[in-house]
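A closer look at the structure
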Amino acid sequence: MRAVTRSRSLLLLCLCFFLSGFGSLILEVVWTRQLRLIFGSTTLAASTILVAYMLGLGVGGLVGGRLAHRLRDGLRVYGAVEIAIGLIALLVPFLLAALPPLARALVLDLGPWGLVLGRFLVALLVLLVPTILMGATLPIVVAAVTRDDPAIGARTGLLYGINTLGAVSGVFATAFVLFPWLGLWRSNVFGALLDVAVGLVALLLLGRGRDAIVRDSMLATNSRVSGQNFLTVTLYGPVGYVTVEDNAIGEDS
């Protein structure tokens, strides 16, 4: 019975992490498309948006990494963060609609470089809070399932790989499925509600008392995934680079 509980907990965690990456990249593609419609489709504009997005993820990872080991119930906190991401994402289109006048005011009489600065500041203001939260999710979950564990490498590699697979799938689904079927605004709602659903699953089914169960179940998988860790880590960087590069090229075309 305990083995079944472990398997279900691990499956739920992997599913949550896959859908978390899936939803995050849906939102990124949607938001970059929205900002492109407002600020133009030049390479410089797309690059500025991606810099703002990556800055938020980096800051979130740094902050989350510093706070994660102080949390007593990391999986519940992870669920709350996912819900917050989804709720904030629902507001992003309205914030984008309100910010162009501010951007024009910022670049008034500052010349071409003022326009660059205005685009960057607007993207930063809109995306910084949700992307910081996105960046914090991985360190929180990793800390929750690897605390006091010498086999941290295998578990971290597994979580990174699942999250990255979800992210790549999200880019593909947004471009080829969601945009044609749902359009821009409904795609944003879909990505936001997906994050809320992931958060609810983590809160209700992976809450207090489940961290140890998930750690035990992941320990049982170490012998199976240890041989795959090098490949997962090796591919993680190129996959992330290709994902960002495709976004920049796609938004410029």
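These numbers were taken from a predicted model, which means no experiment stands behind them.

Conventions used here
Residues numbered from 1 in each chain as written. Predicted model: local features only at pLDDT ≥ 70, side-chain atom pairs only at ≥ 80, totals over all residues. Heavy atoms only, no water. Salt bridge = Lys/Arg side-chain N within 4 Å of Asp/Glu carboxyl O. Buried < 20%, exposed > 50% of the residue type's maximum accessible area, 1.4 Å probe, protein only. Phe/Tyr/Trp six-rings, centres within 6.5 Å; stacked < 30°, edge-to-face > 60°. Helix = DSSP H or I, 4+ residues; strand = E, 2+ residues; numbered from the N terminus. Patch = residues over 30% accessible without salt bridge, like charges linked within 9 Å, V, L, I, M, F, W, Y side chains within 5 Å. Areas by Shrake-Rupley, 256 points an atom, 1.4 Å probe, with all protein chains shown as cover. pLDDT = per-residue confidence, 0-100. Contact = heavy atoms within 4.5 Å.

The subject of this paragraph is the pattern of salt bridges. Per the counting criterion, the structure on display carries 1 salt bridge. The closest approach of N and O atoms between D73 and R76, which form a salt bridge, is 3.2 Å. Judged by its relative accessible area of 7%, D73 is buried.

Moving on, we get to the packing of aromatic side chains. For the coordinates displayed, the defined rule picks out 3 aromatic pairs. With 5.9 Å between their ring centres and 55° between their planes, F17 and Y78 make a pair best called tilted. Of the two residues, F17 sits in helix α1 (residues 2-39) while Y78 sits in helix α3 (residues 74-98), which places them 61 residues apart along the sequence. Judged by centre distance (6.3 Å) and plane angle (20°), the rings of F18 and F22 are stacked. One end of the pair, F18, and the other, F22, are both in helix α1, 4 residues apart, so they sit about a helical turn from each other. Exposure remark for F22: the relative accessible area of 15% places this residue in the buried category.

On the surface, a cluster of nonpolar side chains totalling about 670 Å² of accessible area is made up of F172, F176, V177, W181, L182 and F190. Looking at the secondary structure, you find L182 in helix α6 (residues 152-205). Judged by its relative accessible area of 31%, L182 is partly exposed.

The next point concerns the confidence of the model for the protein chain. This prediction gives the protein chain a mean pLDDT of 76; 65% of its residues lie at or above 70. Averaged pLDDT values for the elements of the protein chain fall to 47 in helix α7 (residues 211-225) and rise to 90 in α3. Low confidence marks residues 209-215, where pLDDT is under 50. Its contacts with residues over four positions away, or in another chain, come to 22 contacts. pLDDT under 50 marks residues 217-237. Its contacts with residues more than four places away, or in other chains, come to 25 contacts.

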